[in-house]
Every structure is written in structure tokens, then in C-alpha cells.
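# Results of the structural survey
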Amino acid sequence: MRFSVGQVCCQPTDAVYNNSMHTKTLKLRIKDKHRTELNRQARQVNFVWNYINELSSRSIRERGVFLSAYDIHPYTTGAAKELGLHSQTLQCIASEYVIRRKQFKKRQLSWRKSGGTRRSLGWIPVNTGAAKFKNGQVFFNGQYYGVWDSYGLSQYQFRTASFTEDARGRWYFNVVVSVETKPSTGTALVGIDLGCKEAATASNGEQLTNGEYRKLQQQLGIAQRARKKHRVKAIHAKIANRRKDNIHKFTRKLVNTSAAIFVGNVKPLALVKTNMAKSVLDAGWGSIKTILAYKCADAGIVFEEINEAFSTQTCSCCGVIPSSSPKGKIGLRIRHWRCNACGSEHDRDLNAAINIAAAGHRRLAEGITVF
């Protein structure tokens, strides 16, 4: 039996999602007049990081002891005033260092560089409650920082935060806040197939185009050959911003009209080692999944990754894998095909998206407990 595109499924009840809270990170641009002060603090943060890095590595080498964040704190006590940093910032640096050392399973991490061509981008961690919103500005470490407030920060209570710098030297304030889940009014069940020609195709016919890098790669090549570093950074930022804007518009439209979204579990890390690497990286599959995940959580709707094996080859009408379906690397060039079992004509990506939606629907049905 054919699975209908955009099939209606059960709408989540208000009893499940009302009054539930979740965390969200807000990112705001800081005005450039504060760049000098933030760069100064960032250099001191690098100094503290490198000191902890040396301290930890010596402890491991000489005593065989892995220092915890609690063990590191006595070595940095009293240094905040001398360095012009917030006292809790030193604690955050120590905690972050220990977390990353465990994550990467290394005895010593990379040094943070404050100068040179490979300078580390600025980073200033902020502990819970150390930053506040006063008089329309962010107040931290005894100073006010003007921001372009597009979120209305006055209505939120700050949790952990950080100041970060991008490749163009622009600073941003990133703060974690608690927001109330707003249930989506959509009722459709949607499957999404990730691809290279089209970055994403939804079972309701919506598509996210790919190729933002290729549109500007000629301008990028000219700037690189002319050794215009600032121009190169600006073009890279434009590509990233365009891609991010397209992904946000695509995902927002789906979240507003859906009650459940399923996406194929394609692995980009495996494909970046092939000759399709440029198209895979330009598609931004990881960003699509990440943005969908937190937007679905915010809307209180179902989001899951589904095994997409044979979703392209299987006919979404009769459910068989006919001999006429595209297979292997040779079949990648086939964009439309006809099922020789039932005679249905298919768009390659749309057919895969419908099959992913059907697999997600079956998973929901199997997950319902029978009393």
C-alpha cells in the first residue's frame, strides 16, 4: 500500500508539552568598540590555559596523577585580579580543560596561541550568574558590553555563557537560557532524504538546494591567488551565512507544519573521504540534523534518525526493489526512474524521502504500548 506524502499522524497532547522547559543557546553580536578589551581578556585566558596545560602535563609525567578541576583551582587562586579576569572565569577554564583532556584522551592538549598566523580565536568563558543584562547591555567583570539584542535578553535569566571571536575578528556573546516548550500546531509526518545534488528533500516536496560554495568559488579563488586574506575570510563567511540561512528557513517551515520528522542516518564522515567530499561538506548534513533536533525539541515534536538502507531502491508505491531502480555508484546519475513492477514513476530523492517517512511511521506504531 502506498504511503501518502505528508501523511497525518497523531498530534502531541498539551498535557505532555505544556509547562515543560528546555535550554537554548542565544548568540548575539557584540559591538566592535569592545573588541580591544575582549582581545585583552582573551590573551589572559590563553595564558591561564597554557599554564594549566603545562601544570597538568608535568603532574602526569612526574607523579602519574591526572589533576581534576578541583585540584587545579588552588594553583590559580588570586590570579584573577592580577590578570584582569573574573574569578569564576579561571574556574571555567580549569573545568573546560579537564573535560577536553578526557574527551580527546590526551596527556597534553594544544597550546592556545595569542599571536601569529595561527592565532587561536578569542574565547572567554562565563560561569552561571557571572553575567547579567543591565540597562540594555551585558554586564560582566565590572564592564558593560553593547550588543544587538534581537532576542529580548531582559526576559531571560542567564546561565552559563561565553564570549567568542570569529575568523573576521568579530565578537559574540553566547548565553544558555531556559525557555518554555511551545507545541507545534502541525500534524504531518515528514521524512527527509539527505543528498548531494539537493542537500535535503522532504516527503512533502520541500527541497533544500546545495552549492553555496560552488556559487562563490570563482571569487574565492581570485581572492586567494591575490593573497587578500581579509577578502577570503569575508567570502567564506558569506558562504557559511547563506548556507545557514537556507537551512534555518527550510527546517523552520517543516517544524511549523509537522508533528514528527524523520531523517536518514547517512554518515558524512565516510563520504568526505571520497571524490564527493566537496558536495558533502557543502550540503551541511550535520548542521541540518543539529538544527532540526533542537527546533523539534523546542516545538515538542518527534525527531529521529532512521536507517535509510534501500530507501532509494525501494518503490514507495508497491514496496519492492525492482531491477529498474538505481543501484550502486553508476545509479547516482539516475534522477528519475520507473518501477517495472507496478509502473510508477519516481523522483529519486522524493521516493527515498517517502520511504524514510514510512519507516518512521512504522517505528511510531511499533512503539505504542498495548494495554
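First things first, this report covers the structure right here in the doc. In this convention, every chain numbers its residues from 1, walking through the sequence in written order. In view of the model being predicted, local features appear only for residues whose pLDDT reaches at least 70, and side-chain atom pairs are presented and counted only at 80 or more, with totals across whole chains, interfaces and linings using the full set of residues. Just so you know, side-chain values use all the structure's heavy atoms and leave hydrogens and water out.

### Quick notes on the overall build of the protein chain
Every helix listed is a DSSP run of H or I at least four residues long, and every strand listed is a run of E at least two residues long, numbered separately from the N terminus. Scanning the protein chain from terminus to terminus reveals eleven helices and 14 strands. Counting only C-alpha atoms and orienting by the principal axes, one finds that the protein chain spans roughly 75 × 60 × 45 Å. Partly exposed describes any residue whose relative accessible area lies between the buried limit of under 20% and the exposed limit of over 50%, with all areas from a 1.4 Å probe on protein chains only and scaled to the type maximum. Within the protein chain, the proportion of its 371 residues that are buried is 43%. To be clear on the numbers: accessible area is Shrake-Rupley with a 1.4 Å probe, and residue cover counts the displayed protein chains and nothing else. Of the roughly 20700 Å² of accessible surface on the protein chain, 52% is carried by carbon and sulfur atoms. Here the protein chain contributes 58 positively and 26 negatively charged side chains, and the mean placements of these two sets differ by 8 Å. Charge counting treats Lys and Arg as positive and Asp and Glu as negative, with His and both chain ends excluded. Charge placement uses NZ in Lys and CZ in Arg. For Asp and Glu, CG and CD serve respectively.

### Topic: the packing of aromatic side chains
Aromatic ring pairs are defined here through the distance separating the ring centres and the angle between the ring planes. Each aromatic pair joins two rings of Phe, Tyr and Trp (for Trp, the six-membered one) with centres within 6.5 Å, and gets the label stacked for planes under 30 degrees apart, edge-to-face for over 60, and tilted for any other angle. Applying the stated criterion across every chain, the model contains seven aromatic pairs. Both rings, one in W49 and one in W123, keep their centres 6.1 Å apart while their planes meet at 85°; by these two values the pair is edge-to-face. A residue pair is termed long-range when its members are at least 10 positions apart, and W49 in helix α2 (residues 35-63) and W123 in strand β2 (residues 123-126) qualify at 74 residues. Accessibility classification places W49 together with W123 in one group, the buried group.

### Details of unusual backbone geometry
With a phi close to 55°, N141 is a non-glycine residue in the positive phi region. Structurally, N141 is set in the loop between β4 (137-140) and β5 (143-145). One non-glycine residue, R227, lies in positive phi territory at about 60°. For R227, a relative accessible area of 75% translates into the label exposed.

### So, the sheet that holds strand β10 (residues 207-209)
Pairing is mixed in the open sheet, where five strands are placed in the order β10-β9-β8-β11-β12. Looking at strand neighbours, the two that pair on one side only are β10 and β12 (302-306), the edges of this open sheet. Here the strands of the sheet are splayed against their neighbours by 15° on average, with no regard to which way each runs. Across five bridges, strand β11 (residues 258-264) lies against β12 in parallel orientation. When the bridges of β12 are listed, G264 appears paired with I306. Along the sheet, helix α7 (residues 229-257) contacts β8 (188-194), β9 (198-202), β10 and β11; its crossing angle with β11, the most-contacted strand, is approximately 130°. Here, two residues are considered to be in contact whenever any of their heavy atoms come within 4.5 Å of each other. Angles here are taken between N-to-C directions and fall from 0 to 180 degrees, while the axes themselves are lines fitted to C-alpha atoms, restricted in helices to the stretch in contact. Set on the sheet, helix α10 (residues 285-299) makes contact with β8, β9, β10, β11 and β12; between it and β12 the angle comes to about 150°. Should DSSP find at least two bridges between two strands, the strands are regarded as paired.

### So, the sheet that holds β5
Picture the strands of a sheet paired through backbone hydrogen bonds; they go either parallel or antiparallel. Judged by pairing direction, the sheet is antiparallel, and its three strands sit side by side in the order β3-β4-β5 without closing on themselves. Each edge of the open sheet is held by one strand with a lone partner, namely β3 (131-134) and β5. Neighbouring strand axes in the sheet, compared pairwise and without regard to direction, differ in orientation by 35° on average. The pairing of β4 with β5 spans three bridges and is classified as antiparallel. Residue pairing in the sheet places F139 in a bridge with Y144 of β5.

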